[in-house]
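# Close look at the chain arrangement
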Amino acid sequence: LKENIVDASSQWNDIKAIKVRNFNFIEDSEKTKMLGVVAQEIETSSPNLVYESIDRDPDTSEDLGTKTKNVRYSVMYMKAIKCLQEAMAKIEILETEVAALKAA
């Protein structure tokens, strides 16, 4: 089902730029503290992670004339996995260097 398969480029800087925030939703009367990201912030460093959806009335599905920014979490997760792999490779190199220094 897939072709032209190659390794993804580094995602280090994209992931490093993402700010993980605590917040609550305005309409949440209990003000439940959430952990997540803000689409408008991610959009500045990784615009392809953000898309807009049309706001619709929940009862009639009528277009309300506004849009909401959303995050493509599935893509962000893949970027995070790639970045984790990069970090693991760096750690392994450092561990090898430390072991060599201790042995000397």
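Up top is the structure these notes are about.
Here we summarise the structure given alongside this text. Being a predicted model, the structure only gives us computed values, none of them experimental.

Put simply, the largest pocket is a space of about 340 Å³. The wall of the largest pocket is formed by 15 residues, among which Phe25, Val37, Val38, Ala39 and Lys69 lie closest to the centre. If one sorts the elements of the lining of the largest pocket by residue count, strand E4 (residues 63-71) sits on top with 5 residues. Residues belonging to the lining of the largest pocket are distributed by class as follows: 9 nonpolar, 4 polar and 2 charged.

Listed in full, the 10 residues of the largest apolar core are Ile15, Ile18, Val37, Ala39, Ile42, Leu49, Val50, Val71, Met76 and Cys83. Apart from the residues lying within four places of it in its own chain, the contact partners of cysteine 83 are Gln11, Trp12 and Ile15.

So, on to the environment of isoleucine 91. Position of isoleucine 91 relative to the elements: it lies in helix H3 (residues 73-103). Measuring from C-alpha to C-alpha, the distance between isoleucine 91 and methionine 76 comes to 22 Å, with 15 residues separating the pair along the chain.

Our focus in this paragraph is the packing of aromatic side chains. Tallied over the entire structure, the rule returns 2 aromatic pairs. Pairing phenylalanine 23 with phenylalanine 25 gives two aromatic rings, centres 5.4 Å apart and planes at 85°, and the pair type is edge-to-face. Residues tyrosine 73 and tyrosine 77 carry aromatic rings whose centres are separated by 6.0 Å and whose planes lie at 40° to one another, so their mutual orientation is tilted. You can see tyrosine 73 and its partner tyrosine 77 sitting in helix H3, 4 residues apart, about one turn around the helix. Note on tyrosine 73: relative accessible area 35%, which makes it partly exposed. Above the plane of the ring of tryptophan 12 lies lysine 90, whose end atom (NZ or CZ) is 3.7 Å from the centre.

The next thing to look at is the pairing of E4. Relative to E4, strand E3 (residues 50-56) is paired through 6 bridges, and the arrangement is antiparallel. Residue valine 50 lies in a different strand from E4, and its bridge partner there is valine 71. The hairpin formed by E3 and E4 contains 6 residues between the paired strands, and serine 61 there has a positive phi angle of roughly 65°.

Parameters at a glance
Residues numbered from 1 in each chain as written. Predicted model: local features only at pLDDT ≥ 70, side-chain atom pairs only at ≥ 80, totals over all residues. Heavy atoms only, no water. 1 Å grid on protein atoms, 1.4 Å probe; cavity = no way out; pocket = protein on both sides within 12 Å on 5 of 7 lines; lining within 4 Å. Points joined across faces, edges and corners; volume = space filled by probe spheres on them. Helix = DSSP H or I, 4+ residues; strand = E, 2+ residues; numbered from the N terminus. Nonpolar A, V, L, I, M, F, W, Y, C, P; charged D, E, K, R; others polar. Core = buried A, V, L, I, M, F, W, Y, C linked by side-chain atoms within 4.5 Å. Buried < 20%, exposed > 50% of the residue type's maximum accessible area, 1.4 Å probe, protein only. Contact = heavy atoms within 4.5 Å. Phe/Tyr/Trp six-rings, centres within 6.5 Å; stacked < 30°, edge-to-face > 60°. Lys NZ or Arg CZ within 6 Å of the ring centre and 35° of its normal. Pairing = 2+ DSSP bridges.

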